[in-house]
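# Observations on the three-dimensional arrangement
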Amino acid sequence: MADRVLKLGIPAGSLQEATAELFRKAGYNITFSSRSYYPQVDDPEIECLLIRAQEMARYVEKGILDAGITGHDWVCETGAKVTEICELQFSKVSRRPVRWVLCVPNDSPVQSVKDLQGKRIATEVVGLTRDYLAKHGVTAEIEFSWGATEVKPPQLADAIVEVTETGSSLRANNLRIVSEVLQSTTRFIASPHAARDPWKREKLDNIALMLKSCLAAEGKVGLLMNVRRDQLQEVVKQLPALQNPTVSSLSDPEWVAVNTILDESVVRAMMPRLKMAGATGIVEYPISKIIE
Ligand SMILES: Nc1ncnc2c1ncn2[C@@H]1O[C@H](COP(=O)(O)OP(=O)(O)OP(=O)(O)O)[C@@H](O)[C@H]1O
Ligand SMILES: O=P(O)(O)OC[C@H]1O[C@H](OP(=O)(O)OP(=O)(O)O)[C@H](O)[C@@H]1O
Ligand SMILES: [Mg+2]
């Protein structure tokens with residue numbers, strides 16, 4: 001019985017709240033208590049640990065953790081050999097990938113990576129930066145930065161390689177992007193050992209399925225309506241081409257119910273058209289999970 005526990009790393013820091021929120025939506029209630037690095041989860045088969053995103057892949061590679069959530073960036077930077085269970089398209093505030101970018105002050109003469117030959121670059125991702133410069137045949141002094149990297153140019157460094165999501169930190173510090181080093185999304189990773197263990201693998205796949213189903217449902221709603229059979233074609237024509245609505249019979253043989261899922265953003269334009277085409281009793285309902 002003791003084996004039937006999955007040790008799961010939750011990323012401390014930027015991804016912590018977004019990760020916990022996604023797990024909650026997926027049905028795993030993760031709660032944090034102040035100063036404790038052992039979040040509670042309402043599944044006796046899971047044991048959570050709060051680990052820095054930077055270190056996650058290393059502990060997962062060694063099997064100290066069976067699995068964890070971290071960024072693709074830190075998997076690359078650490079070079080850890082882990083099994084990717086799935087990609088999870090979420091960042092700290094948005095659903096877009098983050099970008100690691102080479103930046104200089106707005107008024108710097110630097111226009112391309114080549115202009116950084118012999119200069120000083122500060123970054124938290126020394127390995128990625130080294131590889132990127134080597135790819136472009138540039139030799140520069142790369143300095144590890146413990147954070148707050150945006151403050152460094154121009155006094156403490158000529159350029160930085162830093163992560164950006166919304167771009168507000170770069171703007172606030174008068175920095176300009178010279179080029180992109182890496183795009184990164186969040187990943188659910190497992191140790192190769194855990195991924196080979198049938199019980200753990202099934203548990204990991206089930207968690208991944210539920211997490212992905214929540215992300216897939218974001219921005220989507222369901223629409224349910226009644227239509228006379230002779231108007232069905234006209235109503236279905238209004239729905240987005242790729243949607244295959246479910247059509248079911250009603251107790252009155254003249255009528256059918258149409259059920260479909262669509263982007264919430266199109267609903268306000270869609271509902272009046274559906275009504276015009278003959279749909280009645282049109283109901284929009286929220287959906288929280290979609291498994292294709
Ligand atoms: N807006 C964001 N800012 C920083 N990291 C983000 C953001 N959105 C997603 N991430 C991801 O979160 C992880 C950041 O982890 P990391 O521990 O380096 O930063 P942090 O949690 O902000 O800690 P620190 O305080 O040291 O910066 C990376 O994998 C990164 O890609
Ligand atoms: O493009 P943006 O949306 O501004 O996001 C990028 C910023 O977010 C991160 O900092 P974080 O919020 O993790 O704070 P930190 O300084 O403690 O790392 C990162 O280090 C950048 O500073
Ligand atoms: Mg940060």
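Residues numbered from 1 in each chain as written. Chains lettered and ligands numbered in written order. Predicted model: local features only at pLDDT ≥ 70, side-chain atom pairs only at ≥ 80, totals over all residues. Heavy atoms only, no water.

Turning next to the site of ligand 1. Taken together, 15 residues form the shell around ligand 1, and within it S14, R52, Q54, D73 and E165 come nearest. With respect to ligand 1, the backbone of S14 contributes an N or O atom lying 2.5 Å from an oxygen atom. Within the contact set of ligand 1, an oxygen atom lies 3.4 Å away from a backbone nitrogen or oxygen of G71. Protein coverage of the free-state accessible area of ligand 1, which is 600 Å², stands at 78%. If you map ligand 1 onto the pockets, it falls in the largest pocket. Secondary structure elements with two or more residues in the shell around ligand 1: α2 (53-62) and α3 (72-78). Mapped onto the domain boundaries, the shell around ligand 1 takes at least three residues apiece from domain 1 (6-95 + 186-217) and domain 2 (98-183). (Near = heavy atom within 4 Å. Polar contact = N/O pair within 3.5 Å; in protein donor to acceptor, adjacent residues only side chain to side chain. Areas by Shrake-Rupley, 256 points an atom, 1.4 Å probe, with all protein chains shown as cover. 1 Å grid on protein atoms, 1.4 Å probe; cavity = no way out; pocket = protein on both sides within 12 Å on 5 of 7 lines; lining within 4 Å. Sits in = over half its atoms within 2 Å of the grid points. Helix = DSSP H or I, 4+ residues; strand = E, 2+ residues; numbered from the N terminus. Domains from an automatic or database assignment.)

The next subject is the domain arrangement of the protein. Partitioning the protein into domains gives domain 1 (6-95 + 186-217), domain 2 (98-183) and domain 3 (220-286). The interface is formed by 10 residues belonging to domain 1 together with 11 residues belonging to domain 2. When the two sides are added together, the surface that domain 1 and domain 2 hide from each other amounts to roughly 770 Å², 54% of it contributed by carbon and sulfur. It is D73, W74 and E77 in domain 1 that bury the most area against domain 2; as a group they hold 58% of the surface buried on that side. (Contact = heavy atoms within 4.5 Å. Buried area = accessible area lost by both parts, 1.4 Å probe.)

Once that is clear, we can look at the sheet that holds strand β10 (residues 159-164). Strand pairs in the sheet, formed through backbone hydrogen bonds, run parallel or antiparallel to each other. Ordered in space as β9-β8-β10-β7-β11, the 5 strands form an open sheet in which the pairing is mixed. Of all strands in the sheet, those with a lone pairing partner are β9 (141-144) and β11 (175-184), marking the two edges. On average, each strand axis in the sheet is inclined to that of its neighbour by 25°, with strand direction left out of account. In terms of strand pairing, strand β7 (residues 98-105) meets β10 through 5 bridges, oriented antiparallel. Across the sheet, residue C103 finds its bridge partner in β10, namely I160. (Pairing = 2+ DSSP bridges. Axes fitted to C-alpha atoms, helices over the stretch in contact; angles between N-to-C directions.)

So, on to the UniProt feature "domain: ATP phosphoribosyltransferase catalytic" (unreviewed entry) in the protein. Under the local residue numbering, the UniProt record ascribes the feature "domain: ATP phosphoribosyltransferase catalytic" (unreviewed entry) to residues 52-212. Taken end to end, residues 52-212 is 32% helix and 30% strand, and its two terminal C-alpha atoms sit 23 Å from one another. (UniProt positions renumbered as here; feature names shortened; annotations may be inferred.)

What follows is about the sheet that holds strand β15 (residues 255-263). On the basis of which strands lie adjacent, the open sheet formed by 4 strands has the order β14-β15-β13-β16 and antiparallel pairing. Both outer strands of the open sheet, β14 (246-249) and β16 (280-286), are each paired with one neighbouring strand and no more. The mean inter-strand angle of the sheet, taken between neighbouring strand axes irrespective of direction, is 20°. As defined by bridge partners, strand β13 (residues 220-228) adjoins β15 across 9 bridges and the pair is classed as antiparallel. Each residue of the ladder has a partner; that of N226, found in β15, is A257. Packed on one face of the sheet, helix α9 (residues 264-276) meets β13, β15 and β16 and runs near 155° to β15.

Mapping T246 onto the fold places it in strand β14. Along the primary structure T246 and V267 are separated by 21 residues, whereas in three dimensions their C-alpha atoms are 17 Å apart. The contacts of T246, once residues within four sequence positions are left out, are A257, V258 and N259.

By nearness alone, every residue bordering ligand 2 is listed as S14, K92, E150, E162, V163, T164, E165, T166, G167, S168 and S169. With respect to ligand 2, the side chain of E162 contributes an N or O atom lying 2.9 Å from an oxygen atom. In this structure, an oxygen atom belonging to ligand 2 sits 2.9 Å away from a side-chain N or O atom of T164. Taking 490 Å² as the accessible area of ligand 2 by itself, protein coverage stands at 63%. Judged by its atoms lying within 2 Å of the grid points, ligand 2 is housed in the largest pocket. Looking at the shell around ligand 2 element by element, the count peaks at 3 residues for β10. Each residue belonging to the shell around ligand 2 can be placed in one class, and the counts come to 1 nonpolar, 6 polar and 4 charged. (Nonpolar A, V, L, I, M, F, W, Y, C, P; charged D, E, K, R; others polar.)

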